[in-house]
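One letter stands for each residue in the lines below.
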Amino acid sequence: MTLILASTSSYRRALLARLGLPFESVAPDVDEAPIPGESPERLCARLSIAKAEAVALRHPKSLVIGSDQVADLAGQSLGKPGNRELARAQLMAASGKSVRFHTGVCVQHSATGRSALHVDLTEVRFRKLSAGMIEHYLDREPAWDCAGGFKCEGLGISLFEAIHCDDPTALVGLPLIALARLLAEFGSDPLA
């Protein structure tokens, strides 16, 4: 059975490669716009499932992994900023506050339709950030393609006071602890 990551994210590909299983990467082509009134956690879960389902429909006899991450600042979803101006605004809004990161992973067996979902929660407490600190960070590590506008695996770690989580890989974009457990449940145990 082919293992497929329903993502073209280089971050997720690198994380999944750590499990040592051969896999393919396929773009899910899913509309990621939130539904009005949708909570960040629900958005994350819905998109993780939708990505797995979209790729599973196109690839029979595959085990498909869908994943999504949504940053949650006081109940408001923060997406990937896409540019410096929005990254600056996200980091200014997060300054001195806690931001919750919901990282979902859905595993779906395309032949049977069976699926399982896990949503991981990471809470990041940001330092008080001055405009100069944010500009310096954005000059050195443009993270327009990352929810919240930073890369925790790089210089972005210096933006924080603390991180509270059960799985440090979740903040990067794919909760490997939960994923390894889910894969084992589907007969694709990384340790087998």
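Residues numbered from 1 in each chain as written. Predicted model: local features only at pLDDT ≥ 70, side-chain atom pairs only at ≥ 80, totals over all residues. Heavy atoms only, no water.

K.L.:
Could you clarify how one ought to interpret the pattern of salt bridges in this entry?
P.N.:
Where side chains of opposite charge bring their charged atoms close, a pairing between them can arise. Enumeration over the complete set of coordinates arrives at seven salt bridges. Between Asp68 and Lys51 there is a salt bridge, with the nearest N and O atoms lying 2.8 Å from each other. One end of the pair, Asp68, is in strand β3 (residues 62–73); the other, Lys51, is in helix α2 (residues 40–58), and 17 residues separate them in sequence. An identical accessibility class is assigned to Asp68 and Lys51; each is buried. What you see here is one network of salt bridges that share partners, running through Arg84, Arg88, Glu135 and Asp139. (Salt bridge = Lys/Arg side-chain N within 4 Å of Asp/Glu carboxyl O. Helix = DSSP H or I, 4+ residues; strand = E, 2+ residues; numbered from the N terminus. Buried < 20%, exposed > 50% of the residue type's maximum accessible area, 1.4 Å probe, protein only.)

K.L.:
I'm lost on the pairing of β3 in this one. Help?
P.N.:
Two faces, one strand: in a regular strand the side chains alternate between the faces of the sheet. Burial within β3 is extensive, with 12 of its 12 residues counted as buried. The alternating pattern of β3 places Ser62, Val64, Gly66, Asp68, Val70 and Asp72 on one face and Leu63, Ile65, Ser67, Gln69, Ala71 and Leu73 on the opposite face, and all of these are buried. Where strand β1 (residues 2–5) and β3 come together, four bridges link them in parallel fashion. What sits directly across from Ile4, in β3, is Val64. (Pairing = 2+ DSSP bridges.)

K.L.:
So what exactly am I meant to see when it comes to the packing of helix α3 (residues 84–94) against helix α4 (residues 131–140) here?
P.N.:
Relative orientation and spacing of two packed helices are given, respectively, by the angle between their axes and the distance between those axes. One can describe the packing of α3 onto α4 by two numbers: an axis separation of 10 Å at closest approach and a directional angle of 135°. It follows that α3 is oblique to α4 by the angle criterion. Handedness of the α3/α4 crossing: right-handed. Within the contact between the two elements, α3 uses Arg84, Ala87, Arg88, Leu91 and Met92 and α4 uses Ala131, Ile134, Glu135, Tyr137, Leu138 and Asp139. (Axes fitted to C-alpha atoms, helices over the stretch in contact; angles between N-to-C directions. Parallel < 35°, antiparallel > 145°, perpendicular 65-115°, else oblique. Left-handed = near helix turned anticlockwise from the far one by under 90°. Contact = heavy atoms within 4.5 Å.)

K.L.:
Quick question: what am I supposed to make of α2 here?
P.N.:
An α-helical turn contains 3.6 residues, so a residue and the one three or four places further along point in the same direction. Between the first and last C-alpha of α2 there are 28 Å, a value that for 19 residues agrees with the 27 Å anticipated at 1.5 Å per step. When α2 is considered as a whole, its buried residues turn out to be Pro40, Leu43, Cys44, Ala45, Arg46, Leu47, Ser48, Lys51, Ala52, Val55 and Ala56. Of the surrounding secondary structure, the elements contacted by the buried residues of α2 are β1, β3, β4 (76–78), β5 (98–109) and β6 (115–126). (Expected span 1.5 Å × (residues − 1).)

K.L.:
Which parts of the structure should I look at to understand the packing of aromatic side chains?
P.N.:
To describe a pair of aromatic rings, you give the distance between the ring centres and the angle between the ring planes. Throughout the structure, instances matching the rule amount to four aromatic pairs. Here a set of aromatic residues connected by ring pairs shows up, and it is made of Phe101, Phe126, Phe150 and Phe160. (Phe/Tyr/Trp six-rings, centres within 6.5 Å; stacked < 30°, edge-to-face > 60°.)

K.L.:
Is there a simple way to explain unusual backbone geometry in this structure?
P.N.:
Trans is the prevailing form of peptide bonds, just as negative phi is the prevailing case for residues other than glycine. For Asp29, which is not a glycine, the phi torsion comes out positive at approximately 50°. Relative to the assigned elements, Asp29 resides in the loop between β2 (24–25) and α2.

K.L.:
Before we go on, may I ask you to explain the environment of Lys128 in this structure?
P.N.:
Along the chain, Lys128 turns up in the loop between β6 and α4. For Lys128 and Arg84, which are 44 residues apart along the polypeptide, the C-alpha to C-alpha distance reads 19 Å. Once residues within four sequence positions are removed from consideration, Lys128 is found in contact with Ser95, Gly96 and Met133.

K.L.:
What am I meant to see in the side chain of His109 here?
P.N.:
Inspection of the secondary structure assignment puts His109 in strand β5. Judged by its relative accessible area of 14%, His109 is buried. With near-sequence residues (within four places) excluded, His109 lies in contact with Met1, Ser62, Leu63, Arg114 and Phe186.

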